[in-house]
There are 2 protein chains.
Amino acid sequence: QLLASSSSSNVGGVNKEVFRKNLVNTLERRLFYIPSFKIYSGVAGLYDYGPPGCAVKSNVLAFWRQHFVLEENMLEVDCPCVTPEVVLKASGHVDKFTDLMVKDEKTGTCYRADHLLKDFCKEKLEKDLSLSVEKVQELKHVLAMLDDFSPEQLGSKIKEYGIVAPETKNALSDPYPFNLMFQTSIGPSGTIPGYMRPETAQGIFVNFKDLYYYNGSKLPFAAAQIGQAFRNEISPRQGLLRVREFTLAEIEHFVDPEDKSHPKYSEVVDLEFLMYPREEQMTGKDAVNLRLGDAVSNGTVNNETLAYFIGRVYLFLTQLGISKERLRFRQHLANEMAHYAADCWDAEIECSYGWIECVGIADRSAYDLRAHSEKSGTPLVAHEKFSAPKEVEKLVITPVKKELGLAFKGNQKKIVEALEAMDEKEAMEVKAALESKGEVEFQVCTLGKAVTIKSNMVSVSKEIKKEHQRVFTPSVIEPSFGIGRIIYCLFEHSFYTRKSKAGDEELNVFRFPPVVAPIKCTVFPLVQNSKYEAVAKQISRSLTAAGISHKIDITGTSIGKRYARTDELGVPFAITVDTTTTVTIRERDSKDQIRVEIEKVAGVVKDVTDGVRTWPDIQWEYPAHSSTVTDADE
Amino acid sequence: QLLASSSSSNVGGVNKEVFRKNLVNTLERRLFYIPSFKIYSGVAGLYDYGPPGCAVKSNVLAFWRQHFVLEENMLEVDCPCVTPEVVLKASGHVDKFTDLMVKDEKTGTCYRADHLLKDFCKEKLEKDLSLSVEKVQELKHVLAMLDDFSPEQLGSKIKEYGIVAPETKNALSDPYPFNLMFQTSIGPSGTIPGYMRPETAQGIFVNFKDLYYYNGSKLPFAAAQIGQAFRNEISPRQGLLRVREFTLAEIEHFVDPEDKSHPKYSEVVDLEFLMYPREEQMTGKDAVNLRLGDAVSNGTVNNETLAYFIGRVYLFLTQLGISKERLRFRQHLANEMAHYAADCWDAEIECSYGWIECVGIADRSAYDLRAHSEKSGTPLVAHEKFSAPKEVEKLVITPVKKELGLAFKGNQKKIVEALEAMDEKEAMEVKAALESKGEVEFQVCTLGKAVTIKSNMVSVSKEIKKEHQRVFTPSVIEPSFGIGRIIYCLFEHSFYTRKSKAGDEELNVFRFPPVVAPIKCTVFPLVQNSKYEAVAKQISRSLTAAGISHKIDITGTSIGKRYARTDELGVPFAITVDTTTTVTIRERDSKDQIRVEIEKVAGVVKDVTDGVRTWPDIQWEYPAHSSTVTDADE
């Protein structure tokens, strides 16, 4: 009965625009979302969720809690958005959370440098038919390398191509980094700089010590947080996809770096879905269907725990209603990944804007905990107690302070520190050099020069020691969900149109699964009549008691119009009161109807929205209703 | 069996301190909350909710949604925290959301001026036994008037009493207003000032037009929002009660100012609880038990809708576990209320810090919608269509522009506007004066002077017009919930200690009702044994499937210790696996145990945590278990 589904992946460029225009029109008209502060002409990149959007969002978050936090016994925390500078200095955000910006030299209007270059290349490639083969290749190469360009490279390309400010055609400044955090000041004195957090993860990392203790000092365990994050975008675009404030749901799973197995790995090992490994991307191939277990055993996915979360994310997204055909897991290329990351996969969802990164699943190794340990001086480590003490070979470096003092005077302290900080490889090289030559040139970073160390100044040896425990910094595997992006893609994947019964109208429908639907059912008295209205109110009370969100519509509008109105909100079930003993329940997508006794209605709707039973189960139990009156209008 | 309840309201000052110290110690040790960024020495006024605190918070919010949003079919919205200045200019926050601050003249440390004065007066009254009767009365008067003092009055009292900076004893600056909003800047240019919202309400007001349309252009309706709000406190104190970032849950119920009845008023009319009307406060009396219906009919509570929400708030708080004896609804005194407010009541909860305002329920009349209508130019109004056109008398003011132009030249426009803006009373006075004297002195604010208007310059008349609808600005009734404060008071009201069975230890217990409890039940194999562990895991899976948060504890610790550990988290039910066919379920406060078949456990726990059945219902159905082994440890 689905007359037209515009959501297949092969719609052309023009159809995509038409599809999106109709979708966005519907979403804004029915208040799924609203540009924030609209009566004051709004602010770019800020959106409100109106009633149905807000309900979808809280349903998605409730399902996320059930699917991840409850199912895995995660430790959920809730930290403030206001964050002092020291925390974000340690995490690297103060120095590196930047985009490259250019300014219109006359008006001061700001643009993202990479966006201007990207737009220029795309437009050239699309519209300039006179381009030489070499030029086409060059522009494609620029597009591929865009994310890796330094400010200088970006600037020289902008100059080379003669790119100017889009509106005014004025010249542009050189690109320079702009920090994307909203800055503020904590307390009345103005002396404590702070930022609105750019992610929720840091609140978990700084609490690692307490959380580890709370978990009985055992690994692995996961902590989770849902909350607002902020990014002061230079020039927001793409509607709900790139905004200045958004809800993140983040998981930090802490694990022994020497054992990244997962106890529930077997539950996801047979899942098969679209993956896009590094290799396929580098060789210009398409994403491939892989069995998750194979991707781990052949080394494509780094470890079991990372794979487990990839599988769980796949289940989460598809159960929400994301189309399997338009979801892929793309591995980060080497140049995309931070140097410390062991492996990283993005869940990308295809929508009219292209493939959009909606969930990042990264093995960040020990980077974050180490950074906060160093900055705060609080060791964020885990302990593995040995059942029996172990003998281990330990490197022992003993600088002879007296000799170093005589030789280097005031520099002694820095040289001692540098010697003690040598790693095993370096120390053994120094030892070998001292033994063979009696001295060695030794680079001291903090002095900015090399000094000559003689064999009487330091002793390096390896000793056998007894150890009772292993102390180590856990690795962290981080699945990070952009809730707003997932919801927008869900809107695209759920939206379709079908002809009205008379064939004179295109009707909009959202095929949300019950778990996501903003309202679970509507109650309609077939005609305006006090008896039917009393029944409708009785059903409404029983639905409220069962915790089911619903809506009564007692307007005199035709039943077909009322169905169409709620199909457009994605309401899965409509209860029509046409007698005082039994009513009909209509399913949104099939339009099938069954007849159910009034007392049983709330229970039936609850079972099918809670996922205890399916609609076909219910259809099996209750008689079908082939309406004459109600269909007349559809 | 409750051996000691420290939460009665008549504990003395010292006991309060001891009680609070024990409570706070327990809350921090069990990670109900954590000072934020603790490893960096924290930031005053910012707290994290750790795992059990976060679970309590999300349970409270879920219950709030069920009790208010779902029950009343409210329109829930979700707006950003980042807010442009223009919105908060209109709401009055930019100009008036301030506290008076004084600075240590040497160190620059900032203090709230009223806090210093309050502390001084309280300490004098408590410790200086030589005070004269007049002095005692004066200090008490100062305490009562504190909130009304102007900067000048506060400053002169501080000088008069010789109050200095608490730590350094340095002199203090004169008090000056400090705006409590966290300021930031939106976008890269630095030209759009913004703030972190100080409340969620404004997001609803600016969307009124769309929400009214969404509701079928019908009144009354309510919109709701849950979200973070921010207040850059000068010197936060009182732990979780006065913080710089907090969760608000706000309702804006829009109603026709001429009809403030409520369709469900009859459901709350017979509720009886502690109320503290203005009259009782002014005459130094205590709060009184009032029937809500009487409070409305005798005019104590302004209208039915306000009373309906007071009743619903009472039900909400007591169902969460707030003690009825330590909850009162206090009416604002005339000097506390904004000039536009029709009536205002605070739900105050008594805790060790005194009576704390946790929910404000205010009839704010048309103030907010009018303010945004004026500032934005978008009329935020409602319409009442008349069934038949009505004849109404309308004021018609017609300035004669030509005459005004001749008389006042360049000032003509401002005078025309001032004439047109006259209200009915003023216009009729002008009309009378013109008719009797032929001219009138007319004050033009925008010119800052009066001008002489003659009878040929303006005509004022009343005409009968046909009107098809009434256009008006709705009144708004606003219940506003400080979720963190409610949760802290709930912690105090739920906490008690009882002796261990051996009598050698004081054990902590939180008597959270199941709806609030962070974890609904625990699963304990009685002894370490693979058969019992298998059963425990089977029960755990069935609990997860039923959506019940729980914890398995398979450590070898004694069962008594394991019970005590979870009593301290407020877990209401403990399942102990002591056979492979049936298990015991223990209720936290009574310590009563019943014996239940393994397959039925999840269903029983679900029913009693969902509130479908009570513990006594369950006890009736299943055999009591009087344990020999399990009790041994308690």
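The model shown is predicted, which means the values in this text are computed figures rather than measured ones. (Residues numbered from 1 in each chain as written. Chains lettered and ligands numbered in written order. Predicted model: local features only at pLDDT ≥ 70, side-chain atom pairs only at ≥ 80, totals over all residues. Heavy atoms only, no water.)

What follows concerns the relation of the copies chain B and chain A. The transform that puts chain B on chain A rotates by 180° and translates by 0.0 Å along the axis, for an RMSD of 0.2 Å. Such a turn and shift between the copies fits a two-fold axis. In terms of C-alpha distance to the rotation axis, chain B has Thr184(B) as its closest residue, with the C-alpha 2.7 Å off the axis. When you check the interface residues of chain B against chain A, 99% turn up at the interface there too, and the contact is symmetric in its surfaces. (Least-squares fit on C-alpha atoms with pLDDT ≥ 70 in both. Contact = heavy atoms within 4.5 Å.)

All names here are of chain A. With antiparallel pairing, the three strands of this open sheet are ordered in space as β4-β9-β8. Since the sheet does not close on itself, it has two edges, and those belong to β4 (82–84) and β8 (183–186), each with one partner. On average, adjacent strands in this sheet sit at an angle of 45° to one another, irrespective of strand direction. Sheet topology places β8 next to strand β9 (residues 192–196); four bridges connect them, and they run antiparallel. Along β9, the bridge assignment pairs threonine 184 with glycine 194. (Pairing = 2+ DSSP bridges. Helix = DSSP H or I, 4+ residues; strand = E, 2+ residues; numbered from the N terminus. Axes fitted to C-alpha atoms, helices over the stretch in contact; angles between N-to-C directions.)

Chain B puts 73 residues into the contact, and the matching count from chain A is 72 residues. Among the ionic pairs, Lys38(A) bridges to Asp210(B), the shortest N-O distance being 2.8 Å. Counting across the interface, chain B meets chain A through 22 residue pairs in polar contact (both at pLDDT 80 or more). The element best represented in the side of chain B that touches chain A is helix α2 (residues 51–70) of chain B, accounting for eight residues. Classifying every residue of the side of chain B that touches chain A by side-chain character gives 38 nonpolar, 21 polar and 14 charged. (Salt bridge = Lys/Arg side-chain N within 4 Å of Asp/Glu carboxyl O. Polar contact = N/O pair within 3.5 Å; in protein donor to acceptor, adjacent residues only side chain to side chain. Nonpolar A, V, L, I, M, F, W, Y, C, P; charged D, E, K, R; others polar.)

The next thing to look at is the pattern of salt bridges. If you walk through the whole model with that rule in mind, you get 94 salt bridges over all chains. When the shortest N-O distance is used, the salt bridge between Asp567(B) and Arg498(B) registers 3.0 Å. In this pair, Asp567(B) is assigned in helix α19 (residues 559–567) and Arg498(B) in strand β22 (residues 495–499), connecting sequence segments 69 residues apart. Arg498(B) matches Asp567(B) in its accessibility class, with the two residues each being buried. Here the residues in one salt-bridge network are Asp99(A), Arg112(A), Asp114(A), Glu233(A) and Arg242(A), joined through shared partners. (Buried < 20%, exposed > 50% of the residue type's maximum accessible area, 1.4 Å probe, protein only.)

The next thing to look at is the environment of Gly438(B). Residue and element names in this part refer to chain B. The residue glycine 438 is located in the loop between α16 (424–437) and β18 (439–444) in this model. Taking the relative accessible area as the measure of exposure, glycine 438 reaches 26% and is therefore partly exposed. Along the backbone, glycine 438 and isoleucine 453 are 15 residues apart, and their C-alpha atoms lie at a distance of 8.6 Å. Residues within four places of glycine 438 in sequence aside, it is in contact with Ala433, Ile453, Lys454 and Ser455.

Let's shift gears to the packing of aromatic side chains. All names here are of chain A. A full pass over the atoms with the stated rule returns 58 aromatic pairs over all chains. With centroids separated by 3.8 Å and ring planes inclined at 10°, the aromatic side chains of tyrosine 340 and tyrosine 367 adopt a geometry described as stacked. Of this pair, tyrosine 340 sits in the loop between β14 (327–331) and β15 (343–351) while tyrosine 367 sits in helix α13 (residues 367–376), and the two are 27 residues apart along the sequence. The partly exposed category is assigned to tyrosine 367, whose relative accessible area is 24%. (Phe/Tyr/Trp six-rings, centres within 6.5 Å; stacked < 30°, edge-to-face > 60°.)

This part takes up unusual backbone geometry. The omega torsion of the bond from Leu219(A) to Pro220(A) falls at -10°, within 30 degrees of zero and hence cis. With respect to the secondary-structure elements, Pro220(A) resides in the loop between α9 (208–214) and β10 (221–230). The phi dihedral of Asn73(B) falls on the positive side, at around 55°, and the residue is not glycine. With respect to the helices and strands, the residue Asn73(B) is situated in the loop between α2 and β3 (75–76). For Asn73(B), a relative accessible area of 44% translates into the label partly exposed. Backbone geometry places Gln238(B), a non-glycine residue, at a positive phi of 60°. Mapped onto the elements, Gln238(B) comes out in the loop between β10 (221–230) and β11 (245–255).

When we look at burial in helix α19 (residues 559–567) of chain A, the residues that qualify are Ile559(A), Gly560(A), Arg562(A), Tyr563(A), Thr566(A) and Asp567(A). Taken around the axis of α19(A), the buried residues stretch over an arc of 160°, which confines them to a single face. (Arc of directions from axis to C-beta.)

Topologically, Arg312(A) is positioned in helix α12 (residues 304–320). Aside from chain neighbours lying at most four places away, what touches Arg312(A) is His67(A), Phe68(A), Glu71(A), Glu72(A) and Val268(A).

Take the packing of α2(B) against helix α12 (residues 304–320) of chain B next. All names here are of chain B. Packing of α2 against α12 leaves a shortest axis separation of 11 Å and a crossing angle of 145°. The two elements α2 and α12 meet at a crossing, and its hand is right-handed. For the pair α2 and α12, the contacting residues are Val60, Phe63, Trp64, His67 and Phe68 in the first and Arg312, Val313, Leu315, Phe316, Gln319 and Leu320 in the second. (Left-handed = near helix turned anticlockwise from the far one by under 90°.)

With that settled, consider the pairing of strand β24 (residues 521–525) of chain A. Note on strand geometry: in a regular strand, side chains alternate between the two faces of the sheet. Residue and element names in this part refer to chain A. The element β24 is extensively covered by neighbouring structure, given that five of its five residues are classed as buried. Covered by surrounding structure in β24 are Cys521, Val523 and Pro525 together with Thr522 and Phe524, the residues of both alternating faces. Taking the sense of rotation as the criterion, the β-α-β connection linking β24, helix α18 (residues 530–545) and strand β25 (residues 550–552) turns out right-handed. For β24 and strand β26 (residues 573–577), the ladder comprises five bridges, and the chain directions are parallel. Bridge assignment links valine 523 to a residue of β26, and that residue is isoleucine 575. (Right-handed = clockwise from strand over helix to strand, strands pointing away.)

What follows is about the confidence of the model for chain A. All names here are of chain A. Looking at chain A, the pLDDT average stands at 91 and 97% of residues meet or exceed 70. Every residue in residues 1–11 scores below 50 in pLDDT, and together they form 24 contacts with partners more than four places removed in sequence or on other chains. This model gives residues 629–634 a pLDDT under 50, and the stretch forms 18 contacts once residues within four places in sequence are excluded. Interface confidence for the predicted complex, expressed as ipTM, amounts to 0.87; the pTM equals 0.88. (pLDDT = per-residue confidence, 0-100.)

Residue and element names in this part refer to chain A. Interaxial distance between helix α2 (residues 51–70) and helix α17 (residues 483–494) falls to 11 Å at its minimum, and their mutual angle equals 115°. One element, α2, and the other, α17, form an angle in the roughly perpendicular class. At the point where α2 passes α17, the crossing takes the right-handed sense. Where α2 approaches α17, its residues Val56, Lys57, Val60 and Leu61 are matched on the opposing element by Ile483, Ile487, Leu490 and Phe491. Partitioned by chemical class, the residues of the contact of α2 with α17 number seven nonpolar, no polar and one charged. (Parallel < 35°, antiparallel > 145°, perpendicular 65-115°, else oblique.)

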